[in-house]
Every structure is written in C-alpha cells, then in structure tokens.
Amino acid sequence: MPQRSIWYSLFYQKCPRCREGDLWRSSLLPRFRVYDMYETCPSCKVYYESEPQVWYGAMIVAYIVSSFFLLLTAYIAFGILDLPSAQGYALILFVAVLGFMLNARLSRTLWIHYMIAYQPDILAQQAAIRQRLAAGAQVLDVRPRKEFESERYEGSINIPLYELTDRLSELSPDQHYIVVSKTGNRATQAIDILHQHQYTNISNGGTWLALSE
Ligand SMILES: [Zn+2]
C-alpha cells in the first residue's frame, strides 16, 4: 500500500487512519445529506465517532472557518466592491447558506484527521491477522457478554476484559489467540494483562469488525 499524504486524504475526504476508505456515504450534492458519514471506515473499520461528544471540536472548527469566509465576503462586498448595504448583506447571506453544507463536512473532515492518527500499515496488519486466522488461530473477544452475544465473528470465544484475570486457566498455552474488542482499546488492555501472565502466543486483532473482509 503506497503512503498517502494528508492532503490527499483531506481533499478526497478519506479515513484518517488508513486514508483508503471513504468518510461519507454519499456525495453532498444533490441530496443535501450533510452529515451522512459511515459509522466505521469501510476499509480499516475504525470507528469515526469514538464518543458522542467527538463533534464539539468540529463545531468550533466550523465557527472559525465560517467566520473567516463571512468576514472575507464582507470585506469584498463593502471594502472592495463598495456595494450598497442591501446588496452587500444579500451577498453575505448567500455565501453563508451556500457555505454551510460544505463547511459542515469540511470541518468534520478536518477534526477527525486531528483526532485519529494515520497508520500507513494498518490494512497490511489486518490482512496478516486474517492469514493467522485462516491458519488456525482462535479469536478471543474481550467485549462485554451482551455485546458479544448480539454480534460476533463466527467461532470466537468471549472472556470479557474485567473477567480475564480470573479466567486465564481457560486459555490453552499451545493455542495462538487473536485478541479483539469493539474499537481495539480493550484488546490492547487485554494483551497487557496476558503479557503480565506470561502469555505471549497472542496477537492484537484490534476491532473484531476487521476480522472479516
Ligand atoms: Zn480506514
């Protein structure tokens, strides 16, 4: 996978982590679905909205961007073109309405690139995990039981993270485990626990969604 620049990713509105999958489900025009974003990246499966308040920062970016453009329009209308005030305000209003939708997407795109770091090799890592899976590794899913029961990768076993220390004896030392969770954060914590207890025959699978292509 060739490395892609941040500019490529911003311009084409790609996933900040892999710069491969799209952020938006549909193009902005002609249906005017401003916030039609995928829940997870179609390629690397990173969660775009990691927590509900994630877009507050994007709102601040949107205010800054729109203030800049409205002030610029006001300067052009009154300072350069020297329009009468009714026409000047009409122009500003026109730019505000037109710019709103573009700005809403642009500011979310900028914000999410600030929140989620680029991992150029993520797709290659995920392909390697799937190869291990095909070679007989066992998936250990550490999400809470309810989440696991509602949806999981076929053939996974479930030991919730908070039970892991008490249930280590259920793991076979000869088996290779691929540890997964919802976003991958709990999987990383579980790996730390397993390492502390001398289990090294394990890999970090990140989000369980990435197990199937
Ligand atoms: Zn991605």
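Residues numbered from 1 in each chain as written. Predicted model: local features only at pLDDT ≥ 70, side-chain atom pairs only at ≥ 80, totals over all residues. Heavy atoms only, no water.

> Outline helix α4 (residues 122-134), listing residues and values.
Helix length check: α4 (13 residues) gives 19 Å between terminal C-alpha atoms against 18 Å at 1.5 Å per residue, within 8%. Those residues of α4 that sit buried are Ile122, Leu123, Gln126, Ile129, Arg130 and Leu133. Within α4, the buried residues cover an arc of 115° as seen down the axis, which keeps them to one side. Within α4, the exposed residues directed more than 90 degrees away from the buried face are Ala124 and Gln131. Lining the buried residues of α4 we find β1 (138-141), β3 (177-181) and β4 (202-207). Positive backbone phi, approximately 110°, marks Gly136, located one or two places after α4. (Helix = DSSP H or I, 4+ residues; strand = E, 2+ residues; numbered from the N terminus. Expected span 1.5 Å × (residues − 1). Buried < 20%, exposed > 50% of the residue type's maximum accessible area, 1.4 Å probe, protein only. Arc of directions from axis to C-beta. Contact = heavy atoms within 4.5 Å.)

> Describe the nonpolar core, naming the residues involved and giving the relevant values.
Core analysis: the largest hydrophobic core is formed by 19 residues, its most contacted members being Cys15, Cys18, Cys41, Cys44, Val46, Tyr48 and Trp55. Those elements giving two or more residues to this core turn out to be α2 (56-80), α3 (85-115) and α4. Apart from residues no more than four positions distant in its own chain, Trp55 is found in contact with Met37, Tyr48, Glu49, Arg108, Trp111 and Ile112. In this structure, Leu161, Leu164, Leu168 and Ile202 belong to the second largest nonpolar core, which totals 16 residues. (Core = buried A, V, L, I, M, F, W, Y, C linked by side-chain atoms within 4.5 Å.)

> Run through the domain arrangement of the protein chain, naming residues and quoting values.
Domain assignment breaks the protein chain into domain 1 (6-115) and domain 2 (129-211). Taking the mean C-alpha position of each, domain 1 and domain 2 sit 38 Å from one another. Between domain 1 and domain 2 the total buried area reaches about 390 Å² when both faces are included, carbon and sulfur atoms providing 73% of it. Along the contact surface separating domain 1 from domain 2 lie zero salt bridges. At the boundary of domain 1 and domain 2, one finds zero residue pairs in polar contact (both at pLDDT 80 or more). Of the residues contributing to the side of domain 1 that touches domain 2, the split by class is two nonpolar, one polar and one charged. (Domains from an automatic or database assignment. Buried area = accessible area lost by both parts, 1.4 Å probe. Salt bridge = Lys/Arg side-chain N within 4 Å of Asp/Glu carboxyl O. Polar contact = N/O pair within 3.5 Å; in protein donor to acceptor, adjacent residues only side chain to side chain. Nonpolar A, V, L, I, M, F, W, Y, C, P; charged D, E, K, R; others polar.)

> Provide a residue-level description of the packing of α2 against α3, including the pertinent values.
At a minimum axis separation of 8 Å, α2 and α3 run at an interaxial angle of 150°. The angle between α2 and α3 falls in the class roughly antiparallel. Viewed along their axes, α2 and α3 form a crossing whose handedness is right-handed. Its residues assigned to classes, the contact of α2 with α3 shows 16 nonpolar, seven polar and one charged. (Axes fitted to C-alpha atoms, helices over the stretch in contact; angles between N-to-C directions. Parallel < 35°, antiparallel > 145°, perpendicular 65-115°, else oblique. Left-handed = near helix turned anticlockwise from the far one by under 90°.)

> Could you give an account of the coordination of the zinc ion, naming the residues involved and the relevant values?
Summarising the metal site, the zinc ion is bound by the protein donors Cys15 (SG), Cys18 (SG), Cys41 (SG) and Cys44 (SG), whose distances to it range over 2.3 Å. Bound by four donor atoms, the zinc ion shows angles of 106 to 115° at the metal and therefore tetrahedral coordination geometry. One chain supplies every donor for the zinc ion, spaced along it as C-x2-C-x22-C-x2-C. On the criterion of sequence distance, the pair formed by Cys15 in the loop between α1 (6-11) and α2 and Cys41 in the loop between α1 and α2 is long-range, its members being 26 residues apart. Under the relative-accessibility criterion, Cys15 is labelled buried at 0%. (Donors = N, O, S within 2.8 Å, 3.2 Å for Na, K, Ca; no water. Tetrahedral: all angles 85-135°; square planar, octahedral: opposite > 155°, others 65-115°.)

> Give a description of the layout of surface pockets that names residues and reports values.
Taken as a whole, the largest pocket holds about 730 Å³ of empty space. What lines the largest pocket is a set of 31 residues, among which Leu102, Asn103, Ala104, Arg105 and Leu106 lie closest to the centre. For the lining of the largest pocket, the elements supplying multiple residues, two or more each, are α1, α2 and α3. For the lining of the largest pocket, the element with the highest residue contribution is α3, accounting for 11 residues. In terms of residue class, the lining of the largest pocket is built from 21 nonpolar, seven polar and three charged. Within this model, the second largest pocket holds a volume of roughly 560 Å³. In terms of lining residues, the second largest pocket is bounded by 25 residues, among which Arg17, Gln119, Thr183, Gly184 and Asn185 are the most central. Classifying every residue of the lining of the second largest pocket by side-chain character gives 11 nonpolar, 12 polar and two charged. Each of domain 1 (6-115) and domain 2 (129-211) contributes no fewer than three residues to the lining of the second largest pocket. (1 Å grid on protein atoms, 1.4 Å probe; cavity = no way out; pocket = protein on both sides within 12 Å on 5 of 7 lines; lining within 4 Å. Points joined across faces, edges and corners; volume = space filled by probe spheres on them.)

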